[in-house]
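Coordinates in review
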Amino acid sequence: MDPNYIDPRNLTAHGAVHEVQSHIQQLSENLDLAAPIKLAARGGIFEDQDQCQWLLRNLDAVVALEILPSEIHGSGLFTKQVIPEGAEIFRSTPLVSIVGVGQDATVCDYCYASSPGMFAPDGNFRDLGSGIDIHGNSNFEIKRCVQCGVCAYCSEDCRIMAWAKYHSYECEVLRIHPYAHSWTRMLYRLLSKQKLDHISDQAWAILPQIWGLVGERHPAVSTITETALYAQTLFQPTFTNISVELVLCRIIMNAMPIHTPGEDSRVSMFDLVASLANHSCDPNAFVFHEGRQLRMRSLKPLNPGDEITLSYVNLRAGMIPRGIALRNSNSFVCRCDRCEKESKYLLSLARNEGFDIKQFAKVESEFDEFKKGACNSNDTINKMKASLANLTRTMFPTRPWPLNLYPMGSMQIVFAALYTNSDCHDTAAIHSLKGCLAETFRSGHIWVNHLHTLLTALRALMLEEEIAWVNSPGTQVLRDYFNGVLDELLVQSRKATVYSVARSGGGRVCDEVHDGAGKNASVGGD
Ligand SMILES: [Zn+2]
Ligand SMILES: [Zn+2]
Ligand SMILES: [Zn+2]
């Protein structure tokens, strides 16, 4: 063994994270952003347990929760009891929600129902008559508000509810500013709700304690101060404990774009309790929306005293793109276990192979683009492998791209799918197995897709080689292996199905929401 070889296990986690993060910082600074954002200290809301109790009382929580000081940052959300994997943690009606960017023509801006797809969230075909016809066409139709032409609703009921709760105020403003940024629109909506008395005093009292950024500039909202002053003039809000500028800063930092698997709708939600969950690149919970409600579920088993974490970034990305995203949008350095482990690995590679981490970041993003293009490429697999080898040589002159190093693992799954299409099932099985072994985040839809690719290849291989019915010790091992993967796939796909009960279509979502109105007293008061 090379006496100069550096074993990643011998690097200190703190030192490795620090060194890799300093490269990430330089990379972020090289990006063409308007100005770096500055953060307010994470709100110490845990110090005021009366406020914490009020927040938690207003939740529809299945498990007992508490708000305590966090080792990650400021305040955090903790469980007081055991939560099994895939279980509901809480539901809440956020302080303010708006339809996601680019979704205003397909998603109702009150109940957040979207045109139902062919499949129900449980993966089965939807029942006929539940909003779609035999050709998969939906009778779901949304109509824009005739006055502003901005907000659109799935029904007259939704339009009336929205008008009563906020739209009567925001409509006029949106008529003048139909292209306002979504954060600005969230501010207008929150101020409209306040005008109509749909936000409690307690919520206004808590808002300053929620984590947010400070400063006059942000890459997306060019002038926070000006936007806030303008909104102040338009809405003349009556609260005095917090400035409109601070409200906007809280929205920018805490509004979550929420996607619901199986439904083609994205909603931006600002929920006071969900915003207390800190970030981890290996989170133990996730959020989705069901109509106007935000729901949180566990991804892993949790014990009493565990902090509940969510991911603020794309978990499939490598450590460097994740680090850049966290720095740019949250001004935050992640020191989670996964980042520590990946920092140590990356640093040991850099030292052993003698490469520059910033150069690596550049090649990694080229590789990422290559991987994205590979699925739709007309090139033969061999030509693709040759291009990949060229790309690899710029970083690793004498060896292949390490399997554990992003994005080689997911590239293996792409190759597996390509080989399956070419009926090379043995090669497909090897690639998909490598891809599954390299995947460190073994949960959710992408993991289910990995397992499915592996299972498809194994099944084809077994049929081809008649392994399915030939009896020998070797074929028995493969059959057992196949059954093991199948079991894991079934467990994981059940977990990835976020709904306990399949919903049948857009129409019913509205009914549920309307039936539920008033039953779930929310922080936002609606
Ligand atoms: Zn609706
Ligand atoms: Zn309108
Ligand atoms: Zn991390």
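Our subject is the structure listed above.
Residues numbered from 1 in each chain as written. Chains lettered and ligands numbered in written order. Predicted model: local features only at pLDDT ≥ 70, side-chain atom pairs only at ≥ 80, totals over all residues. Heavy atoms only, no water.

1. Overview of the side chain of Glu-364
As for its placement among the helices and strands, Glu-364 is situated in helix α10 (residues 357-374). Buried charge without a salt bridge: Glu-364, with Arg-322 as the nearest opposite-charge side chain at an N-O distance of 8.0 Å. (Helix = DSSP H or I, 4+ residues; strand = E, 2+ residues; numbered from the N terminus. Buried < 20%, exposed > 50% of the residue type's maximum accessible area, 1.4 Å probe, protein only. Lys, Arg positive; Asp, Glu negative; His and termini not counted. Salt bridge = Lys/Arg side-chain N within 4 Å of Asp/Glu carboxyl O.)

2. As for the coordination of the zinc ion (ligand 3)
Bound to the zinc ion (ligand 3) are the protein donor atoms Cys-281 (SG), Cys-334 (SG), Cys-336 (SG) and Cys-339 (SG), situated 2.3 Å from the metal. The coordination sphere of the zinc ion (ligand 3) comprises four donor atoms, whose angles at the metal cover 101 to 118°; the geometry is tetrahedral. In primary-sequence terms, the residues that donate to the zinc ion (ligand 3) follow C-x52-C-x1-C-x2-C. Neither Cys-336 nor Cys-339 differs from the other in exposure class; each is buried. (Donors = N, O, S within 2.8 Å, 3.2 Å for Na, K, Ca; no water. Tetrahedral: all angles 85-135°; square planar, octahedral: opposite > 155°, others 65-115°.)

3. Some details on unusual backbone geometry
Cis geometry marks the peptide bond from Tyr-406 to Pro-407; its omega dihedral reads -5°. In this fold, Pro-407 is placed in the loop between α11 (381-393) and α12 (408-421). In this model, Gln-236 sits at a positive phi of 45°, which is unusual for a non-glycine residue. Within the fold, Gln-236 resides in the loop between α6 (224-235) and α7 (244-254).

4. Points about the nonpolar core
Counting residues in hydrophobic clusters, the biggest one holds 81 residues, and the most contacted among them are Leu-55, Ile-89, Phe-90, Val-247, Ile-251, Leu-272 and Met-296. Core analysis: the next-biggest nonpolar cluster, separate from the first, contains 57 residues, Ala-16, Ile-24, Phe-355 and Leu-391 among them. (Core = buried A, V, L, I, M, F, W, Y, C linked by side-chain atoms within 4.5 Å.)

5. What about helix α2 (residues 49-57)?
Gln-51, Cys-52, Trp-54, Leu-55 and Leu-56 are the residues of α2 that are buried. The inward-facing, buried residues of α2 abut β3 (65-69), β4 (75-79) and α5 (201-206). (Contact = heavy atoms within 4.5 Å.)

6. Structural notes on the coordination of the zinc ion (ligand 2)
Working reference: metal with six octahedral donors, ideal angles 90 or 180 degrees; metal with four tetrahedral donors, ideal angle 109.5 degrees. Taken together, Cys-145 (SG), Cys-148 (SG), His-167 (NE2) and Cys-171 (SG) make up the protein donors of the zinc ion (ligand 2), found 2.0 to 2.4 Å from the metal. Each of the four donor atoms around the zinc ion (ligand 2) contributes to a set of angles spanning 104 to 116°, which defines the coordination as tetrahedral. Counting residues between consecutive donors of the zinc ion (ligand 2) along the chain gives the motif C-x2-C-x18-H-x3-C. This pair shows no difference in class: Cys-145 is buried, exactly as Cys-148 is.

7. Re the sheet that holds strand β6 (residues 96-99)
Strands sit in the order β6-β11-β10 across an open sheet of three strands; the sheet is antiparallel. Each of the sheet's edge strands pairs with one partner strand only, and the pair in question is β6 and β10 (256-259). This sheet shows a mean twist of 30° between the axes of neighbouring strands, independent of strand direction. Most of the contacts of helix α4 (residues 182-195) go to β6, to which it runs at about 135°, and overall it touches β6 and β11 (266-270). (Pairing = 2+ DSSP bridges. Axes fitted to C-alpha atoms, helices over the stretch in contact; angles between N-to-C directions.)

8. Some points on the sheet that holds strand β14 (residues 293-298)
On the basis of which strands lie adjacent, the open sheet formed by four strands has the order β2-β5-β14-β13 and antiparallel pairing. Each edge of the sheet is formed by a strand with only one pairing partner; in this case those strands are β2 (60-61) and β13 (285-290). Relative to β14, β13 runs antiparallel, the two being bridged by six bridges. Directly across from Phe-286, in β14, lies its bridge partner Arg-297.

9. A look at helix α8 (residues 319-330)
In an α-helix there are 3.6 residues to a turn, and that puts residues three or four apart on one side. The end-to-end C-alpha distance of α8 is 15 Å, a good match for the 16 Å that twelve residues give at a rise of 1.5 Å each. For α8, the complete set of buried residues consists of Met-319, Ile-320, Arg-322, Gly-323, Ile-324, Leu-326, Asn-328 and Asn-330. Looking at the residues trailing α8, positive phi occurs at Ser-331, about 50°. (Expected span 1.5 Å × (residues − 1).)

10. Focus: the packing of aromatic side chains
Applying the stated rule across the entire model yields eight aromatic pairs. A ring pair is formed by Trp-204 and Phe-239, whose centres lie 4.2 Å apart and whose planes are at 25°; its orientation type is stacked. Taken together, the residues Trp-204 in helix α5 and Phe-239 in the loop between α6 and α7 connect sequence positions 35 residues apart. An aromatic cluster is built from Phe-355, Phe-360, Phe-367, Phe-396 and Trp-401, whose rings are joined through pairwise contacts. (Phe/Tyr/Trp six-rings, centres within 6.5 Å; stacked < 30°, edge-to-face > 60°.)

11. Quick word on the packing of α6 against α7
Put simply, α6 and α7 touch, their axes get as near as 8 Å, and they point 120° apart. Accordingly, the angle class assigned to the pair α6 and α7 is oblique. Remark: the crossing between α6 and α7 carries right-handed chirality. Contacts between α6 and α7 involve Ile-224, Thr-225, Thr-227, Ala-228, Ala-231 and Gln-232 on the former and, on the latter, Val-244, Glu-245, Leu-248, Cys-249 and Ile-252. (Parallel < 35°, antiparallel > 145°, perpendicular 65-115°, else oblique. Left-handed = near helix turned anticlockwise from the far one by under 90°.)

12. Digging into the pattern of salt bridges
According to the stated counting rule, one finds 18 salt bridges in the structure shown. Between Asp-104 and Arg-144 there is a salt bridge, with the nearest N and O atoms lying 3.4 Å from each other. One end of the pair, Asp-104, is in the loop between β6 and β7 (143-144); the other, Arg-144, is in strand β7, and 40 residues separate them in sequence. Residue Arg-144 is classed as partly exposed on the basis of its relative accessible area, which comes to 37%. A salt bridge links Lys-300 to Asp-282; its shortest N-O distance comes to 3.0 Å. Linking Lys-300 in the loop between β14 and β15 (309-310) with Asp-282 in the loop between β12 (278-279) and β13, this pair joins segments that are 18 residues apart in sequence. For Lys-300, a relative accessible area of 28% puts it in the partly exposed group. Within the structure, one salt-bridge network assembled from shared partners comprises Glu-88, Arg-91, Glu-290, Arg-295 and Arg-297.

Distances and angles like these do not, on their own, reveal function.
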